[in-house]
Amino acid sequence: MNIPGDEFYILILDTLKKRGAETLQRALYLALREVILHGRLQAESRLPGSRVIARQLGLSRNTVNAALEQLTLEGYLLRNRQGTRVAQLAKRNIAHPSPEPVVTLAKRVSLFPAPTPRGTPVPAFTPGTPAINYFPLPLWRRLYDRVLREEGSALLGYGDPAGELSLREAIARHLALSRGITCDASQIVITEGALEGVNLCTLLLSEPGDIAWIEDPGYAGAKSAFAKTGLTMVGMPVDNEGMCWEGQHSDAPSLIFTSPSHQFPYGSVLSARRRLALLELAQAQKAWIVEDDYDSEFRYTGEPVPAMSGMIKHAPVVYLGTFSKTLFPSLRIGFMVLPPALAKAALPAIGALLRGGHRAEQRTLALFIEEGHYARHLAAMRRLYRKRYRQLREALNAELHVEHRVLAGEGGMHLTVAIDGIDDKAIVQQARAFQLAPAALSGYYLDTNQGQTGLVLGYGNTSASQFTSGIRRLQHLITLQQGGTA
């Protein structure tokens, strides 16, 4: 050793005395590793025998041997019949430790939208969160237990990469009744939420550098997926008829992302005229439309708007759905419906990209749908959200005195309030101190500094009893920002 024996033992003993919840074996291992890494035990230094070390430190020989064996396994020590010595490690300048490195992330990271803070409990006005306290958890638990009883360890393997057949069949029947989509289980791929569906679309249907049209403002997850795969995003403005590409100048797209039944965050419905025109454009340009149908089940006036994928034969549309909005977010189950020809062509790639999983949860969800529980839950949530929608409109009328426009239509789980001339990002940040979590409308634009400002107010998981006080607080923050007094 390159330090006197007594100093070595004192150093190790001091470290052992300061140990936290680690075992003595772990504490000794960490102490020895530290003195090796910091050069206090240099390469080729010979350690005393385990019996000597154990006696000097007051430890059992087994404890010492276990620590030495672990260090030997990891390459810090060399042990043989001649004894134990320190291995030759890469040279390190201990006297002048290197500074913390400057981290440079890939350029694509700068294109990602700001993440939405998520946690439990969910703050008031958080967009995109359903009324999770209304979910029939005891019923779900019974169905889950039934699946495990009946199938048990058979569900512990990977399963079909496209998802459980029983769930895909249940979804196909549900879509035929509720969305006017005629498909079979072979066209459906189960995903971990809608975002994975968008990711799969980019991998299957585009090349880096291709053009992707997106709604501007629009779903932040699509922007992340397109940026990640190197697509060039072109924002298309949104008006009261949905995505508006007419009069815009852009090269031909490979992908067109739209939420036609209830545009997020503006809430407009893509008109029949534009739907047909967009389908015709996609066919002419050999582009694919990615139809995000994230909350079409919650429409409060008139009949549900039919999906684009069912409007014409051989529509170049990939339909995305999710159960995160209708059941609960942590379920992490969504799905995509591929046209027959695409489903057949993509089958080998799906097998390479996905591994299956969450099999018990998927079987449980299949039972939940097939036995009618899903339809009943949707009906109950539709009634609840319709009531909350009207109550939130009343609270806005009574408590929001700044000039504003209410958007987002009669449906879904959010209202968008457009307010000119405010720093909506600052308002959102300040609101978190009061357990309020609206989203900044400007944050959904490609250029977050040029978009319309305002607040996106989720009411799915917010009790109506919080509406008046919450809107009053937001009005107070806006007043302070605009130079008024409380």
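A. Seen up close, the sheet that holds strand S15 (residues 454-458). With respect to topology, four strands assemble into an open sheet ordered S12-S13-S15-S14, the strand pairing being antiparallel. Looking at which strands have only one partner, the edges of the open sheet turn out to be strand S12 (405-407) and strand S14 (439-440). Sitting on the sheet, helix H12 (residues 373-399) touches S12, strand S13 (414-418) and S15, and the angle it makes with S13 is about 25 degrees.

B. Up close: the environment of Val-103. Topologically, Val-103 is positioned in the loop between strand S3 (83-86) and helix H5 (137-151). On the basis of relative accessible area, Val-103 is assigned to the exposed category, the value being 64%. Separated by 84 residues in the primary sequence, Val-103 and Arg-19 place their C-alpha atoms 32 Å from one another.

C. Inspection of the packing of helix H13 (residues 424-431) against helix H14 (residues 467-481) at higher detail. Running from N to C, H13 and H14 cross one another at 130 degrees; their axes reach a closest spacing of 10 Å. The pairing of H13 with H14 is recorded here as oblique in orientation. Crossing angle aside, the handedness with which H13 passes H14 is right-handed. Seen from H13, the contacting residues are Ala-426, Ile-427, Gln-430 and Ala-431; seen from H14, they are Leu-474, Leu-477, Ile-478 and Gln-481. When grouped by side-chain class, the residues that make up the contact of H13 with H14 number six nonpolar, two polar and no charged.

D. Representation of the nonpolar core. The biggest cluster of nonpolar side chains holds 65 residues, and the ones touching the most others in it are Phe-323 and Leu-365. Among the elements that line this core, the one with the most residues is H12, at nine residues. With near-sequence residues (within four places) excluded, Leu-365 lies in contact with Trp-140, Leu-167, Phe-323, Leu-327, Leu-331 and Ile-333. One finds Leu-231, Leu-255, Leu-320 and Met-336 within the second-largest nonpolar core, a separate group that totals 25 residues.

E. Expanded view of the pairing of strand S10 (residues 317-322). Extensive coverage of S10 is indicated by the burial of six of its six residues. By the alternation rule, side chains of S10 split into Val-317, Tyr-319 and Gly-321 and Val-318, Leu-320 and Thr-322, which are all buried. The pairing of strand S9 (residues 288-292) with S10 spans four bridges and is classified as parallel. Paired with Glu-291 across the bridge in S10 is Tyr-319. Sheet topology places S10 next to strand S11 (residues 334-337); four bridges connect them, and they run antiparallel. Across the sheet, residue Tyr-319 finds its bridge partner in S11, namely Val-337.

F. Summary view of unusual backbone geometry. Residue Asp-216 is joined to Pro-217 through a cis peptide bond whose omega torsion reads 10 degrees. Here Pro-217 shows up in the loop between strand S5 (211-216) and helix H8 (220-228). Following Phe-264, the chain continues to Pro-265 via a peptide bond in cis, the omega torsion being 10 degrees. Here Pro-265 is to be found in the loop between strand S8 (255-258) and helix H9 (272-285). In this structure, Gln-435 is a non-glycine residue whose phi angle is positive, near 60 degrees. Note that Gln-435 resides in the loop between H13 and S14.

G. The pattern of salt bridges, seen in detail. A full pass over the atoms with the stated rule returns 15 salt bridges. One salt bridge in this structure joins Arg-146 and Glu-150, with 3.6 Å as the shortest N-O distance. Placement of both Arg-146 and Glu-150 in helix H5 is noted, with a separation of four residues, approximately one turn of the helix. Classification of Arg-146 by relative accessible area gives partly exposed; the value is 26%. On the basis of relative accessible area, Glu-150 is assigned to the exposed category, the value being 57%. With a shortest N-O distance of 3.3 Å, Arg-274 and Glu-246 are connected by a salt bridge. In this pair, Arg-274 sits in helix H9 while Glu-246 sits in the loop between strand S7 (242-243) and S8, placing the two residues 28 residues apart along the sequence. Each of Asp-239, Glu-241, Glu-246, Arg-273 and Arg-274 takes part in salt bridges that share partners, so that together they form one network.

Analysis parameters
Residues numbered from 1 in each chain as written. Predicted model: local features only at pLDDT ≥ 70, side-chain atom pairs only at ≥ 80, totals over all residues. Heavy atoms only, no water. Pairing = 2+ DSSP bridges. Helix = DSSP H or I, 4+ residues; strand = E, 2+ residues; numbered from the N terminus. Contact = heavy atoms within 4.5 Å. Axes fitted to C-alpha atoms, helices over the stretch in contact; angles between N-to-C directions. Buried < 20%, exposed > 50% of the residue type's maximum accessible area, 1.4 Å probe, protein only. Parallel < 35°, antiparallel > 145°, perpendicular 65-115°, else oblique. Left-handed = near helix turned anticlockwise from the far one by under 90°. Nonpolar A, V, L, I, M, F, W, Y, C, P; charged D, E, K, R; others polar. Core = buried A, V, L, I, M, F, W, Y, C linked by side-chain atoms within 4.5 Å. Salt bridge = Lys/Arg side-chain N within 4 Å of Asp/Glu carboxyl O.

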